[in-house]
Amino acid sequence: MGASSPDGSEVKDRPVTVPDLMASFCQALKVDAAKENMTAIGRPIKIVDGGKPVAELFG
């Protein structure tokens, strides 16, 4: 797994971003993270803006 700095204040190995975490949730729930929904005025809203699922969570 990942590592942190000696005082635990920084990630040194395998940082996970918020988009990575959200993409992981989507994968677990079988939701297409790349899908875009349209608002009533035609503005596209992404489910997840970038990120990749954390593979270690899914073995």
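Refer to the preceding data block for the structure.
Residues numbered from 1 in each chain as written. Predicted model: local features only at pLDDT ≥ 70, side-chain atom pairs only at ≥ 80, totals over all residues. Heavy atoms only, no water.

Participant: With reference to specific residues and values, describe the pattern of salt bridges.
Facilitator: Inspection of the entire model under this criterion finds 2 salt bridges. Where Arg14 meets Glu56, a salt bridge forms, and the shortest distance between an N and an O atom there is 3.1 Å. Taken together, the residues span a long stretch of sequence, with Arg14 in the loop between strand 2 (11-13) and helix 1 (18-28) and Glu56 in the segment after strand 4 (44-46) at a distance of 42 residues. Where Lys46 meets Asp49, a salt bridge forms, and the shortest distance between an N and an O atom there is 3.6 Å. (Salt bridge = Lys/Arg side-chain N within 4 Å of Asp/Glu carboxyl O. Helix = DSSP H or I, 4+ residues; strand = E, 2+ residues; numbered from the N terminus.)

Participant: An account of the environment of Gly2 is requested, with residue identities and associated values reported.
Facilitator: Following the sequence through the fold, Gly2 ends up in the segment before strand 1 (3-4). Separated by 12 residues in the primary sequence, Gly2 and Arg14 have C-alpha atoms spaced 5.1 Å apart. Contact partners of Gly2, with chain neighbours within four places excluded, come to Asp13 and Arg14. (Contact = heavy atoms within 4.5 Å.)

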